Amino acid sequence: MMRVLILGGTGDAAELAAIATSQGLEVITSLAGRTREPSIPLGDLRVGGFGGVAGLASYLRVMQIDLLIDATHPFANQISFNAADAAAEVGVPRLMLIRPPWEKVSGDRWIEVDSVEAAAASLQNQAQRVFLTVGRQELAAFAHLDKIWFLMRMIDPPGNDALLPPGMVLCDRGPFTLNNERQILIHNNIDTIVSKNSGGDATKPKIIAARELSVKVVMVNRPAIPPGEQVSNVDAALAWLFERC
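Criteria and thresholds
Residues numbered from 1 in each chain as written. Predicted model: local features only at pLDDT ≥ 70, side-chain atom pairs only at ≥ 80, totals over all residues. Heavy atoms only, no water. UniProt positions renumbered as here; feature names shortened; annotations may be inferred. Axes fitted to C-alpha atoms, helices over the stretch in contact; angles between N-to-C directions. Helix = DSSP H or I, 4+ residues; strand = E, 2+ residues; numbered from the N terminus. Parallel < 35°, antiparallel > 145°, perpendicular 65-115°, else oblique. Left-handed = near helix turned anticlockwise from the far one by under 90°. Contact = heavy atoms within 4.5 Å. Nonpolar A, V, L, I, M, F, W, Y, C, P; charged D, E, K, R; others polar. Buried < 20%, exposed > 50% of the residue type's maximum accessible area, 1.4 Å probe, protein only. Pairing = 2+ DSSP bridges. Right-handed = clockwise from strand over helix to strand, strands pointing away. Phe/Tyr/Trp six-rings, centres within 6.5 Å; stacked < 30°, edge-to-face > 60°. Lys NZ or Arg CZ within 6 Å of the ring centre and 35° of its normal.

Under an unreviewed UniProt entry, the chain has the name Precorrin-6A reductase and belongs to Nostoc cf. commune SO-36. Reading the Pathway (unreviewed entry) entry of the UniProt record for the chain gives the comment "Cofactor biosynthesis; adenosylcobalamin biosynthesis."

Structure, rendered in structure tokens:
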């Protein structure tokens, strides 16, 4: 039986693990462990880091992994580079499952930036009430903006010692509906959204709601990824798997 390691943490990774497991493959999903109560995928599960390239390469050897699929979040690029180096070292075939980014369309008021820090800089004297949706690990970059009110949405609450900008924390987990996102923007008088370009359907409704209400969006572009074979959906990833089985 082929043993597959999925570097997960996304809905696509969970769907892939479920289907591959149901088809008789031995699947291990690895989660970084940053979310306190993650959704548990089918198959075997490991939680926590590998210890860099050397640690991941050792894991691939010890666990006798036949195939590696990197289905991590588009902004988790460090593990993607580690996976590329470790898979090359061990000689394990590797695939990246990367959902397409959102594309700007007519009616969108996007300001595209290349980092969270640049997103924070773009708000200075340009926004008053911001819907901040970049995750709890990025909040410190906005903490100095004390003249802006922030609605900060994340899955888990920030730690007691976290640096936060002024405003309110909203703990929630997608997928979100268009009506939900529309009501958040209206009820909180939001004039600007800050978002990473994660792609996918789970959080896209906020982008649609912003377009409808002419709310500005500061969109953080994706970081670079390593070279290698990639697909954009679960069906294509499954085809890649079964071709090699």
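Here the narrative resumes, following the displayed structure.
Viewed as axis vectors pointing N to C, helix α1 (residues 11-22) and helix α7 (residues 234-243) meet at an angle of 45°, and their least axial separation amounts to 10 Å. Judged by the angle between their axes, α1 and α7 are oblique. Viewed along their axes, α1 and α7 form a crossing whose handedness is right-handed. Two secondary-structure elements touch here, α1 through Asp12, Glu15, Leu16, Ile19 and Ala20 and α7 through Val234, Ala237, Leu238 and Leu241. Of the residues that constitute the contact of α1 with α7, the class distribution is 7 nonpolar, no polar and 2 charged.

Another aspect to go through is the environment of Ile184. Tracing the chain through its elements places Ile184 in helix α5 (residues 178-187). Along the backbone, Ile184 and Arg129 are 55 residues apart, and their C-alpha atoms lie at a distance of 12 Å.

Right, let's get into the pairing of strand β4 (residues 67-70). What you see with β4 is no split at all: Leu67 and Ile69 on one side and Leu68 and Asp70 on the other are buried throughout. With 3 bridges joining them, β4 and strand β5 (residues 94-97) adopt parallel strand pairing. In the strand pairing of β5, Ile69 is matched with Leu95. Once you follow β4 into helix α3 (residues 77-90) and on to β5, the crossover reads as right-handed.

Once that is clear, we can look at the packing of aromatic side chains. Overall, the coordinates contain 2 aromatic pairs when judged by the stated rule. Seen in terms of ring centroids, Phe50 and Tyr59 are 5.2 Å apart; in terms of plane orientation they differ by 65°. Their pairing is edge-to-face. Like Tyr59, Phe50 is buried. Where Phe142 meets Phe150, the ring centres are 5.9 Å apart and the plane angle is 65°; that geometry is what we call edge-to-face. Side by side, Phe142 and Phe150 carry an identical accessibility label, which is buried. Above the plane of the ring of Tyr59 lies Arg46, whose end atom (NZ or CZ) is 5.2 Å from the centre.

Another aspect to go through is the sheet that holds strand β3 (residues 44-47). Spatially, 6 strands are ordered β3-β2-β1-β4-β5-β12 in an open sheet, and the strand pairing comes out parallel. The two strands at the open ends of the sheet, each matched to only one other strand, are β3 and β12 (230-231).

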